[in-house]
Amino acid sequence: MAGIKALISLSFGGAIGLMFLMLGCALPVYDKYWPLFLLFFYILAPIPYCISRRIIDDTDSASNACKELALFLTTGIVVSAFGLPIIFARADVIAWGACALVLTGNVVIFATILGFFLVFGTNDDFSWQQW
């Protein structure tokens, strides 16, 4: 039952994060939809780690180059997702208030993605690898 509660709370976190992203786009004060490009970063962020988890054998405690590359690529995607709204705001494409809402949404969404891998990342009966 703990897995269901975790899944529901992660879904709630994802919905709150997307709400902040939509508020940064759709409020009449801001009315620019350029921050929606961050959805690509939300989709791309977990992909390198998922691929490396399928390829490597986790029994080795030493550092693995595939895992390190996946973490590097994931970090680059996350940093880019935080940098894009700031660049948009500096270029006066979006307002700074919209940038703050989008960055708040980024924090919530990436915390939700991290929470998903922490809760369902173990190799037990209720794992994300079954999906």
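Keep in mind the model is a prediction, meaning the values are calculated, not measured.

Conventions we followed
- Residue indices follow the written sequence of each chain, beginning from 1 at its first position.
- Whole-chain, interface and lining totals are the exception, using all residues; otherwise, since this is a predicted model, local features are given only for residues with pLDDT of at least 70 and side-chain atom pairs are given and counted only at 80 or more.
- Computation of side-chain values covers all heavy atoms of the structure but excludes hydrogens and water.
- Helix numbering and strand numbering both begin at the N terminus, where a helix is a DSSP run of H or I of at least 4 residues and a strand a DSSP run of E of at least 2.
- Here the expected span of a helix is defined as 1.5 Å times the quantity of residues minus one.
- The rule is simple: take the accessible area with a 1.4 Å probe, protein chains only, and divide by the maximum for that residue type; under 20% is buried, over 50% is exposed, in between is partly exposed.
- By the convention used here, residues are in contact when the closest approach between their heavy atoms is within 4.5 Å.
- Within 3.5 Å is the distance limit for a polar contact, defined as a pair of N or O atoms, with the added protein rule that one can donate a hydrogen and the other accept it, and that residues adjacent in sequence qualify only through two side-chain atoms.
- Stacked, tilted and edge-to-face pairs are distinguished by plane angle, under 30 degrees for stacked and over 60 for edge-to-face with tilted covering the rest, among Phe, Tyr and Trp rings (Trp via its six-membered ring) whose centres lie within 6.5 Å.

Once that is clear, we can look at helix 4 (residues 65–90). For helix 4, which comprises 26 residues, the first-to-last C-alpha distance of 36 Å matches the rise-based estimate of 38 Å (1.5 Å per residue) to within 8%. Taken together, the buried positions of helix 4 are occupied by Ala70, Thr74, Ile77, Ala81, Leu84, Pro85, Phe88 and Ala89. Residues of helix 4 that are buried in the fold lie against helix 2 (38–44), helix 3 (47–55) and helix 5 (96–120). The opening residue of helix 4 is Asn64, an N-cap whose side-chain oxygen sits 3.3 Å from the backbone nitrogen of Cys66.

Relative to the helices and strands, Ala15 resides in helix 1 (residues 2–26). Residues Ala15 and Gly105 lie 90 residues apart in sequence; the distance between their C-alpha atoms is 9.6 Å.

Quick look at the packing of aromatic side chains now. Taken as a whole, this structure holds seven aromatic pairs when the rule is applied. Ring centres of Trp34 and Phe37 lie 5.7 Å apart, and the angle between their planes is 25 degrees; this geometry places the pair in the stacked category. Given a relative accessible area of 39%, Phe37 falls into the partly exposed group. Seen in terms of ring centroids, Phe116 and Phe117 are 5.6 Å apart; in terms of plane orientation they differ by 80 degrees. Their pairing is edge-to-face. Judged by relative accessible area, Phe117 falls into the buried class, the value being 16%. What links up through ring pairs into an aromatic cluster is the set Trp34, Phe37, Phe40 and Phe88.

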